[in-house]
Amino acid sequence: MKEDQSQKPLLEAQNIELRYNDKPILKELSMDILSGGVTALLGTNGSGKSTLLKTMARLLMPQKGCVYLDGHAIAKESPRSLARKMAILPQSPEVPMAITVRELVEQGRYPHVGPLRMLKKQDHAAIEEALEVTGMQAFEQRPLDSLSGGERQRAWIAMAIAQSTPVLMLDEPTTFLDVRHQLEILELVRRLNQERGTTIIVVLHDLNQAARYADRMVVLKDGRIVRDGTPDRVLTEAVLQEVFGIHATVLKDPVAGTPIFLPHSVVHREG
Amino acid sequence: MKHGYPEISWSSLQQLLFFNGGTELERVSVLEIRFPRIVLGCMAGAMLGLCGVLLQDGLRNSLAGPELLGVSSGASFMMALVTVLHVPVSYGMQPWFALLGGLIGGAVVILAAGGRNGGIHIILIGAAVTAIMNGLVVWVITMGSSNSASLLFTFLMGNLANRNWTHVGHLLPWALVTIPLSLSFARSLNVLRLGSETAEGLGLHFMRVRIYLLIVCCAMTAAVVSQCGPIGYIALIAPHLIRSLSQQYDAKFVLPFSAMLGAVLLTTADILARTMFMPREVPVGLWTTLIGGPVIIALFLRKLGGRPSE
Ligand SMILES: Nc1ncnc2c1ncn2[C@@H]1O[C@H](COP(=O)(O)OP(=O)(O)OP(=O)(O)O)[C@@H](O)[C@H]1O
Ligand SMILES: [Mg+2]
């Protein structure tokens, strides 16, 4: 889903600088997200992926720079109106005590109903639909802490889907899942993108999966964007060596046609 | 209402309440002494129960309680000053001073904790402020005469004795405002249970909700303390009992039921306080503390045994 270049970005990070106790984590970072794509954020542990995602969702305030959504600075927007436009699923959300899947998914409607009003018809419809697309209907009365890692992850995703936002950000939604459940989540992501036109930003660690399911790969290193482009341009032997520190061969996936890599060995730096 | 001296039978109680019957002594002791006491206990208990839920869920700490807001100790300190220094205020004015002291104590804690992120900060600051104020209370007592010290002692214990319709009238407006306000936090509390990060992502203004919540709790506690003195443990126990009996954590459920249980617990404790060692009365605040402490320990032991960790 490549959009034409003249289109204005939906989400725009401009010269973001973010420090934790004076330690710079994001350095003069700028990124544009066009409407309707799937963007994968990649990088080694600690490269700043989660920090960038949270900054774009206003869970963190940058010391410098600004994030714009639809041309408006998100720092000036009310949390509730922002939460109607974008949903974020943090990397490892806390599991509250004794909450059922349905109750969890219901919380996704909070930005729409607010603290006082009752859930309306469209809220219940959104909840049902979120449970359905994630295949969580059979689990709706189960307590969250009684589910397997994959089921739990899908419940959280269902909550974010129930939020019915044009932008959805997911931080490592496939971590801790077996291969089948990883693919299920990624296919769900693609379906949301294709059927609803949801703009998706997703942090992933599996480069092959990212190449397969994302339109665009953005690679971070030490708080800077070092590569940004289509999977063909980003998943190269040079990037794997320089950014991820491995020797690898890049092939073409015989079925999907996307690049795919086979790791060989770790790069040992001289000296 | 029937228990205590004079012991009144059910039938004459009925007579008395609905048909203006009964002897003069019975009428006075029921309508003017026991009835307002029960109403006051219900209101105060409900407010304390709500306060417990708001603080525990809002600060995400199962040990949070109004004792740690600096409100009780602020009120105690103010009362100590008034009593010991013989500030010329009429007896009727004293609750207002307690209220003022409570609100000041609470405000100090909220302001000092403002801007901090973890609920743990507020609790630490609250504990520190409480400790300082309690120290000051002791200091003030040592300066006063033994007469005023014992006067003060009756306040510091938390008591529903000698309360009449005037006290009920003082607490009622606070209850009418703060109880519905507390219940209106239910959905926000549920979102907060998902953690501050997820809650913000869902559009909850975390810091703002927390400040509102603390203000409502301060108002409730200060109002209760000003009329009944500091009554411990109701706020801590009512929500925990409701949660562990029902296995429900949904604030829409826990809030109203904790209010009811708080009311029941406090009035029951007060009836015990009134009748157990008749004709002497044990201050109800002492009762709730004596019984509340062990109950809380039992609840936590059970929880630790039942669940690997929270
Ligand atoms: N609350 C915090 N306080 C201080 N430093 C932090 C904090 N959160 C993250 N950092 C630091 O910021 C850097 C980037 O963290 P971030 O979580 O964005 O990395 P990441 O790319 O998401 O890594 P991972 O793949 O492990 O999730 C790390 O060095 C981390 O130690
Ligand atoms: Mg991360």
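Residues numbered from 1 in each chain as written. Chains lettered and ligands numbered in written order. Predicted model: local features only at pLDDT ≥ 70, side-chain atom pairs only at ≥ 80, totals over all residues. Heavy atoms only, no water.

Identification of chain B as Iron complex transport system permease protein from Paenibacillus lactis is taken from an unreviewed UniProt entry. According to the UniProt record, the Sequence similarities (unreviewed entry) comment for chain B is "Belongs to the binding-protein-dependent transport system permease family. FecCD subfamily." Among the UniProt annotations of chain B, the heading Subcellular location (unreviewed entry) holds the following wording: "Cell membrane". (UniProt positions renumbered as here; feature names shortened; annotations may be inferred.)

Chain A is annotated in an unreviewed UniProt entry as Iron complex transport system ATP-binding protein from Paenibacillus lactis. UniProt, in its Subcellular location (unreviewed entry) section for chain A, records the words "Cell membrane".

Residue and element names in this part refer to chain A. As a structural note, the neighbourhood of ligand 1 is formed by 14 residues, with N45, G46, K49, S50 and T51 the closest of them. A distance of 3.0 Å separates an oxygen atom of ligand 1 from a polar side-chain atom of N45. Between ligand 1 and Q91, the relevant distance is 3.1 Å, taken from an oxygen atom to a side-chain nitrogen or oxygen of the residue. Contact with the protein chains covers 64% of the free accessible surface of ligand 1, which is 630 Å². Looking at the shell around ligand 1, the elements that each hand over two or more residues are strand 2 (23-33) and helix 1 (49-56). For the shell around ligand 1, the leading source of residues is helix 1, giving three residues. (Near = heavy atom within 4 Å. Polar contact = N/O pair within 3.5 Å; in protein donor to acceptor, adjacent residues only side chain to side chain. Areas by Shrake-Rupley, 256 points an atom, 1.4 Å probe, with all protein chains shown as cover. Helix = DSSP H or I, 4+ residues; strand = E, 2+ residues; numbered from the N terminus.)

Counting residues at the interface gives 25 residues for chain B, matched by 32 residues for chain A. Looking at the side of chain B facing chain A, the largest losses of area belong to B:R187, B:L194 and B:L202, adding up to 30% of the total buried there. Where chain B packs against chain A, one counts three salt bridges. For the pair chain B and chain A, the interface holds six residue pairs in polar contact (both at pLDDT 80 or more). Of all the secondary structure elements, the ones that give two or more residues to the side of chain B that touches chain A are helix 8 (186-192) and helix 9 (196-201) of chain B. The leading source of residues in the side of chain B that touches chain A is helix 9 of chain B, at five residues. Residues belonging to the side of chain B that touches chain A are distributed by class as follows: five nonpolar, ten polar and ten charged. (Contact = heavy atoms within 4.5 Å. Buried area = accessible area lost by both parts, 1.4 Å probe. Salt bridge = Lys/Arg side-chain N within 4 Å of Asp/Glu carboxyl O. Nonpolar A, V, L, I, M, F, W, Y, C, P; charged D, E, K, R; others polar.)

Our next topic: the coordination of the magnesium ion (ligand 2). Residues and elements named next belong to chain A. Looking at the magnesium ion (ligand 2), one finds its protein donor set to be S50 (OG) and Q91 (OE1), positioned 1.9 to 2.2 Å from the metal centre. With S50 in helix 1 and Q91 in the loop between strand 6 (86-89) and helix 3 (101-107), this pair connects stretches of sequence that are 41 residues apart. S50 sits in the buried class, given a relative accessible area of 17%. The exposure class of Q91 is partly exposed, given its relative accessible area of 36%. (Donors = N, O, S within 2.8 Å, 3.2 Å for Na, K, Ca; no water. Buried < 20%, exposed > 50% of the residue type's maximum accessible area, 1.4 Å probe, protein only.)

For the rest of this paragraph, the subject is the packing of aromatic side chains. Residues and elements named next belong to chain B. Summed over the entire model, instances satisfying the criterion amount to two aromatic pairs over all chains. Note on F35 and W165: the rings are 5.5 Å apart at their centroids and 85° apart in plane angle, and the pair reads as edge-to-face. Pair noted here: F35 is in helix 2 (residues 24-58) and W165 is in helix 7 (residues 165-183), with a separation of 130 residues, a long-range link. Looking at W165, the relative accessible area reads 34%, which means it is partly exposed. (Phe/Tyr/Trp six-rings, centres within 6.5 Å; stacked < 30°, edge-to-face > 60°.)

This paragraph deals with the UniProt feature "transmembrane region" (unreviewed entry) in chain B. Residue and element names in this part refer to chain B. Sites flagged by UniProt as "transmembrane region" (unreviewed entry) map to residues 38-56, 68-89, 95-113, 120-141, 171-190, 211-233, 253-272 and 284-301. Helix makes up 100% of residues 95-113 and strand 0%. Its end C-alpha atoms lie 27 Å apart. The distance separating the terminal C-alpha atoms of residues 284-301 is 26 Å; by composition the span is 100% helix and 0% strand.

All names here are of chain B. Taking 1.5 Å per residue as the helical rise, helix 3 (residues 71-84) with its 14 residues ought to reach 20 Å, and the 20 Å between its terminal C-alpha atoms agrees with that figure. The buried count for helix 3 comes to twelve of 14 residues, which makes it a mostly enclosed element. Taken together, the buried positions of helix 3 are occupied by V71, S72, S73, G74, A75, S76, M78, M79, A80, V82, T83 and V84. H86 occupies a position one or two residues after helix 3 and carries a positive phi of about 55°. (Expected span 1.5 Å × (residues − 1).)

What follows covers the sheet that holds strand 10 (residues 224-229) of chain A. Residue and element names in this part refer to chain A. With mixed pairing, six strands are arranged side by side in an open sheet as 6-7-8-3-9-10. Single-partner strands in this sheet number two, and they are strand 6 and strand 10. Ignoring strand direction, the axes of neighbouring strands in this sheet form an average angle of 15°. In terms of strand pairing, strand 3 (residues 38-43) meets strand 9 (residues 216-221) through five bridges, oriented parallel. Along strand 9, the bridge assignment pairs A40 with M217. (Pairing = 2+ DSSP bridges. Axes fitted to C-alpha atoms, helices over the stretch in contact; angles between N-to-C directions.)

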